[in-house]
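# Structural overview for review
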Amino acid sequence: MSGEDCDYLFKAVLVGDAAVGKSNLLWRIAGGEFRLDSKPTIGVEFAYRDVKVGGSLVKAQLWDTAGQERFRAITSSYYRGALGALLVYDITRQATFDSATKWLREMRQFGSGEMVIILVGNKSDLQHAREVPAEDGRRLAEQEGLCFMETSALTNSNVEDAFMAMVTRILEAT
Ligand code: GDP
């Protein structure tokens, strides 16, 4: 697909532990429905989403790991050229939040220094099962200079906001 019919075309990636909801977030952003099944081993590689910001037409090419994170096999090429990232953890699993700093290190090692990173605590609909206080997400984001949001791909809460926060920051930086 060419970028000739839009003002900006950029790549963004979804990063985070397995089963935190990356595929469903991507699916939502690209305009789809929530899927209850977990994704197949080989999933969608990327999806496009067009959005109008101010007077500009922006096309975001969003990459999903397609399950590579299960094998710790996310390669540097996954991050190459990405201007934005949604770093996702699951608010009901502390271990996925603890991993976020590991993912952050990797993104900073392999990605561009200017990558706009949004820290996303997903599954906010599961309040009864919460293990990670929102405050912890907020604090990590503050320490690392990231934007922070809690989302639910199930109820579609804040998903658009997280995506738009990334898009507007990328445009501000260009
Ligand atoms: P990925 O491995 O990070 O891509 O995660 P998936 O998108 O495949 O989701 C993993 C599991 O979590 C699936 O069973 C989803 O249905 C479920 N899931 C994803 N997002 C949410 C959410 O916001 N709320 C709830 N309750 N479940 C979710």
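Up top is the structure these notes are about.
Every chain is numbered on its own, with residues counted from 1 as its sequence reads. For this predicted model, a pLDDT threshold of at least 70 governs which residues receive local features, and a threshold of 80 or more governs which side-chain atom pairs are given and counted, while totals over whole chains, interfaces and linings are taken from all residues. Excluded from the side-chain calculations are hydrogens and water; all other atoms, namely the structure's heavy atoms, are used.

### So, the side chain of Ser23
Checked against the element boundaries, Ser23 lands in helix 1 (residues 22-29). Each polar contact in these results corresponds to two N or O atoms within 3.5 Å; when the atoms are within protein, one needs to be able to donate a hydrogen and the other to accept it, and residues that are neighboring in sequence are counted only if both atoms are side-chain atoms. Of the polar contacts made by the side chain of Ser23, one reaches the side chain of Asp64; its length is 2.8 Å. Under the scheme used here, helices are H or I runs from DSSP no shorter than 4 residues and strands are E runs no shorter than 2 residues, and both carry numbers assigned from the N terminus.

### Some thoughts on the packing of aromatic side chains
Working definition: rings of Phe, Tyr and Trp (its six-membered ring) pair if their centres are within 6.5 Å, and the pair is stacked with planes under 30 degrees apart, edge-to-face with planes over 60 apart, and tilted otherwise. Under the defined criterion, the tally for this structure stands at three aromatic pairs. With centroids separated by 6.3 Å and ring planes inclined at 15 degrees, the aromatic side chains of Tyr79 and Phe110 adopt a geometry described as stacked. Of this pair, Tyr79 sits in helix 2 (residues 76-79) while Phe110 sits in helix 3 (residues 94-110), placing them 31 residues apart in sequence. Taking the relative accessible area as the measure of exposure, Tyr79 reaches 0% and is therefore buried. Ring geometry for Tyr89 against Phe97: centres 4.8 Å apart, planes inclined by 70 degrees, an arrangement best described as edge-to-face. Judged by its relative accessible area of 0%, Tyr89 is buried. Classification of Phe97 as buried rests on a relative accessible area of 11%. Ring pairing ties together the aromatic residues Tyr78, Tyr79 and Phe110, which thus form one cluster. Against the face of Trp63 rests Lys11, its NZ or CZ located 4.7 Å from the ring centre. Think of it in three bands: residues with accessible area under 20% of the maximum for their type are buried, residues over 50% are exposed, and the middle band is partly exposed, with areas taken using a 1.4 Å probe on protein chains only. The criterion for a charge sitting over a ring is simple: Lys NZ or Arg CZ within 6 Å of the ring centre, and within 35 degrees of the ring normal.

### Here we look at the packing of helix 3 against helix 4 (residues 134-144)
Convention adopted: a line fitted to C-alpha atoms gives each axis, helices being fitted over their contacting stretch, and angles between N-to-C directions are expressed from 0 to 180 degrees. With their axes 11 Å apart at the nearest point, helix 3 and helix 4 run at an angle of 20 degrees to one another. Accordingly, the angle class assigned to the pair helix 3 and helix 4 is roughly parallel. Where helix 3 crosses over helix 4, the handedness of that crossing is right-handed. Between helix 3, through Phe97, Ala100, Thr101, Leu104 and Arg108, and helix 4, the contact on the second element is made entirely by Asp136, Gly137, Leu140 and Glu144. Across the contact of helix 3 with helix 4, the residue classes break down as four nonpolar, two polar and three charged. Roughly parallel means an angle under 35 degrees; roughly antiparallel, over 145; roughly perpendicular, 65 to 115; everything else is oblique. We call a crossing left-handed when the near helix sits turned anticlockwise from the far one by less than a right angle, and right-handed when that turn is clockwise. Contacts are residue-level and defined by heavy atoms, with any inter-residue pair within 4.5 Å sufficient. When residue character is reported, Ala, Val, Leu, Ile, Met, Phe, Trp, Tyr, Cys and Pro are called nonpolar, Asp, Glu, Lys and Arg charged, and the others, Gly included, polar.

### Focus: helix 4
Where helix 4 is concerned, the buried positions are Ala134, Gly137, Leu140 and Ala141. End-on, the buried residues of helix 4 take up no more than an arc of 130 degrees, which puts them together on one face. Structural note: helix 4 exposes Glu142 and Gln143 on the side pointing more than 90 degrees away from its buried face. Lining the buried residues of helix 4 we find strand 4 (82-90), helix 3, strand 5 (116-122) and strand 6 (147-150). Note on helix 4: the residue one or two positions beyond its end, Gly145, has a positive phi of about 70 degrees. By arc we mean the arc of the directions from the helix axis to the C-beta atoms, nothing more.

### Here's the deal with the pattern of salt bridges
Definition used for salt bridges: Asp or Glu carboxyl oxygen within 4 Å of a side-chain nitrogen of Lys or Arg. Using the criterion set out here, one finds eight salt bridges in the structure. With a closest N to O distance of 2.9 Å, Asp50 and Lys59 form a salt bridge. For Asp50, a relative accessible area of 42% corresponds to the partly exposed category. A cluster of three or more residues bridged by salt bridges with shared partners is formed by Asp90, Arg93 and Lys123.

### A closer look at the sheet that holds strand 3 (residues 56-63)
One requirement defines pairing of two strands: DSSP has to find at least two bridges between them. What the six strands build is an open sheet, ordered 2-3-1-4-5-6; its pairing is mixed. Each edge of the open sheet is held by one strand with a lone partner, namely strand 2 (46-53) and strand 6. Going across the sheet, the axis of each strand differs from the next one's by a mean of 25 degrees, ignoring polarity. The pairing of strand 1 (residues 8-15) with strand 3 spans six bridges and is classified as parallel. Within the sheet, the bridge partner assigned to Lys11 lies in strand 3 and is Gln61. Relative to the sheet, helix 5 (residues 159-173) contacts strand 1, strand 2, strand 3, strand 4, strand 5 and strand 6, its axis offset from that of strand 2 by approximately 70 degrees.

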